[in-house]
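What follows is each chain in one-letter form.
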Amino acid sequence: MTTATAELLTVPEVMARLKLGRSTVYDLIRSRRLTSITIGRSRRIPADAVRDFIVNEIEEETA
């Protein structure tokens, strides 16, 4: 992932993509299962981190 081309998502965008509530997304961030960055007072999640999270969850399900 290059920072120049990385798509950064807001928490509401991640909520919509994963069909999860706000507190669940923040819990995933707090537990470091979902990578995020802070820019000023805003939290952003790289789209690649969302894809990685999904892949990891699928791998855990099948293991």
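Because the structure is predicted, anything quoted here is derived from the model rather than measured. Counting restarts for each chain, with residues numbered from 1 along the sequence as it is written. Selection of residues for local features in this predicted model requires a pLDDT of at least 70, selection of side-chain atom pairs for listing and counting requires 80 or more, and totals for whole chains, interfaces and linings are taken over all residues. With hydrogens and water excluded, all non-hydrogen atoms of the structure serve as input to the side-chain values.

S.K.: Is there a simple way to think about the nonpolar core in this case?
M.R.: One recurring pattern in soluble globular proteins: nonpolar side chains tend to sit buried together. Within the largest apolar cluster, 14 residues are counted, with the highest numbers of intra-cluster contacts made by Val14, Val25, Leu34, Ile45 and Val50. In DSSP terms, a helix is any run of H or I states spanning at least four residues, a strand is any run of E spanning at least two, and both are numbered starting from the N terminus. Within the residue set of this core, elements represented by two or more residues are α1 (11–18), α2 (22–30) and α3 (47–62). With residues up to four places along the chain from it excluded, the contact list for valine 25 reads Val11, Val14, Met15, Leu20 and Leu34. Side-chain atoms within 4.5 Å link the members of a nonpolar core, which is a set of buried Ala, Val, Leu, Ile, Met, Phe, Trp, Tyr and Cys residues. Partly exposed describes any residue whose relative accessible area lies between the buried limit of under 20% and the exposed limit of over 50%, with all areas from a 1.4 Å probe on protein chains only and scaled to the type maximum. Whether two residues are in contact is decided by their heavy atoms: any pair within 4.5 Å suffices.

S.K.: How should α2 be read in this particular structure?
M.R.: Counting along an α-helix, one turn takes 3.6 residues, and residues three or four places apart therefore face a common direction. Among all positions of α2, only Val25, Leu28 and Ile29 are buried. Looking straight down α2, one finds that the buried residues subtend no more than 100° of arc, so they occupy a single side. When the buried face of α2 is taken as reference, the exposed residues oriented beyond 90 degrees from it are Ser23 and Arg30. Tucked into the core, α2 has its buried residues touching α1, β3 (42–46) and α3. Of the residues trailing α2, arginine 32 is marked for its positive phi of about 65°. It is the directions from the helix axis to the C-beta atoms that the arc portrays.

S.K.: What is the right way to look at the pattern of salt bridges in this model?
M.R.: Between side chains of opposite charge, a pair can form as their charged atoms come close. Just to be clear on terms, a salt bridge is a Lys or Arg side-chain nitrogen sitting within 4 Å of an Asp or Glu carboxyl oxygen. Counted under the stated rule, the structure contains four salt bridges. Where aspartate 27 meets arginine 30, a salt bridge forms, and the shortest distance between an N and an O atom there is 2.8 Å. Here arginine 30 and aspartate 27 lie together in helix α2, a separation of three residues that amounts to about one turn. A salt bridge links arginine 33 to glutamate 57; its shortest N-O distance comes to 2.5 Å. Separated by 24 residues along the polypeptide, arginine 33 in the loop between α2 and β2 (37–39) and glutamate 57 in helix α3 bring together distant segments of the chain. Here arginine 33 falls in the partly exposed class, since its relative accessible area comes to 42%.

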